[in-house]
Amino acid sequence: MSATKAIENIEASSVDQIASHLNQLVADSYGLLGQLHLAHWNVEGTDFLPLHQMFQEQYEELFVAIDEIAERVRALGNYAEGGLKKLASMSRVNESPSASAASAKDFVSSVLLAHELVIEQAVVGRKVAAEAGDTESEDLLIGRVRIHQKAVWFLNSYLK
Ligand SMILES: [Fe+2]
């Protein structure tokens with residue numbers, strides 16, 4: 001079955017809208033990926049090891065997920081945005097703190113905010129996909145929301 005055949009029951013304008021939300025999610029997820037690496041590399045203090053490992057688990061999962069989201073854009077017949085400069089220009093993730101002089105809590109808070117932003121984008125996309133009857137994109141986005149919500153729980157628990 002061709003990509004066109006697979007999505008023939010969804011209006012073309014809806015498909016473009018869903019793809020645009022998925023591309024935005026890729027960009028925001030890349031922003032989060034960058035913050036996770038920054039935190040993984042630079043976090044210091046008595047909680048170094050668990051935080052270093054947790055950030056790694058999150059970016060490894062995210063890296064795989066980003067590929068799936070971008071490939072869903074292609075399956076919908078649209079093109080996937082890519083390239084660091086392009087994605088950076090699209091990402092709305094706040095890139096603070098900087099590498100040095102940030103506390104473990106600063107890194108956790110920064111990553112937490114980025115996860116929350118990614119959830120917001122995934123929820124918007126999920127609703128658009130649901131309204132258009134694109135159950136497969138909806139399913140992908142439901143999974144993303146669930147995983148980021150779990151990460152938020154982990155990070156919030158650390159901050160208590
Ligand atoms: Fe590493």
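These numbers were taken from a predicted model, which means no experiment stands behind them.

Definitions and limits used
- The residue count restarts for each chain, going from 1 along the sequence in the order it is written.
- In view of the model being predicted, local features appear only for residues whose pLDDT reaches at least 70, and side-chain atom pairs are presented and counted only at 80 or more, with totals across whole chains, interfaces and linings using the full set of residues.
- Remark: hydrogens and water are excluded; side-chain values derive from all non-hydrogen atoms of the structure.
- For helices the rule is a DSSP run of H or I covering at least 4 residues; for strands it is a run of E covering at least 2, with both sets numbered from the N terminus onward.
- Contacts are residue-level and defined by heavy atoms, with any inter-residue pair within 4.5 Å sufficient.
- Salt bridges are identified by distance alone: a Lys or Arg side-chain nitrogen within 4 Å of an Asp or Glu carboxyl oxygen.
- Here the term buried applies to any residue with accessible area under 20% of the maximum for its type, exposed to any over 50%, and partly exposed to those in between, with areas from a 1.4 Å probe on protein chains only.
- A pocket here means an open set of points on a 1 Å grid, computed over the protein atoms alone, that has protein on both sides within 12 Å along at least five of seven lines. A cavity is instead a set of points where a 1.4 Å probe fits but cannot get out; residues with an atom within 4 Å of a point line either one.
- Grid points are joined across faces, edges and corners, and a volume is the space filled by probe spheres set on the points.
- Nonpolar residues are Ala, Val, Leu, Ile, Met, Phe, Trp, Tyr, Cys and Pro. Charged residues are Asp, Glu, Lys and Arg, and all others, Gly as well, are polar.

## Notes on the environment of Leu 140
Consideration 1: Turning to its location among the elements, Leu 140 is positioned in helix α6 (residues 135-159).
Consideration 2: Setting aside residues no more than four positions away along its own chain, Leu 140 makes contact with Glu 68, Ile 69 and Arg 72.

## Some points on the pattern of salt bridges
Oppositely charged side chains can pair when the atoms bearing their charge come close.
Consideration 1: Enumeration according to the criterion identifies three salt bridges in this entry.
Consideration 2: A salt bridge links Arg 144 to Glu 61, with the nearest nitrogen and oxygen atoms 2.6 Å apart. Of the two residues, Arg 144 sits in helix α6 while Glu 61 sits in helix α3 (residues 48-75), which places them 83 residues apart along the sequence.
Consideration 3: Between Asp 134 and Arg 72 there is a salt bridge, with its nearest N and O atoms 2.8 Å apart. Of this pair, Asp 134 sits in the loop between α5 (104-132) and α6 while Arg 72 sits in helix α3, placing them 62 residues apart in sequence.
Consideration 4: Classification of Asp 134 as buried rests on a relative accessible area of 0%.

## Overview of the layout of surface pockets
Consideration 1: Its volume calculated, the largest pocket comes out at about 230 Å³.
Consideration 2: Of all the secondary structure elements, the ones that give two or more residues to the lining of the largest pocket are α3 and α6.
Consideration 3: Residue contributions to the lining of the largest pocket peak at seven residues, all from α6.
Consideration 4: Here the lining of the largest pocket is built from residues that sort into five nonpolar, three polar and five charged.
Consideration 5: Reported here for the second largest pocket is a volume of approximately 160 Å³.
Consideration 6: Every residue lining the second largest pocket is listed: Ala 27, Tyr 30, Gly 31, Gly 34, Leu 84, Leu 87, Ala 88, Ser 91, Val 93 and Glu 95.
Consideration 7: For the lining of the second largest pocket, the elements supplying multiple residues, two or more each, are α2 (12-42) and α4 (84-90).
Consideration 8: It is α2 that contributes the most residues to the lining of the second largest pocket, four residues altogether.
Consideration 9: Its residues assigned to classes, the lining of the second largest pocket comprises six nonpolar, three polar and one charged.

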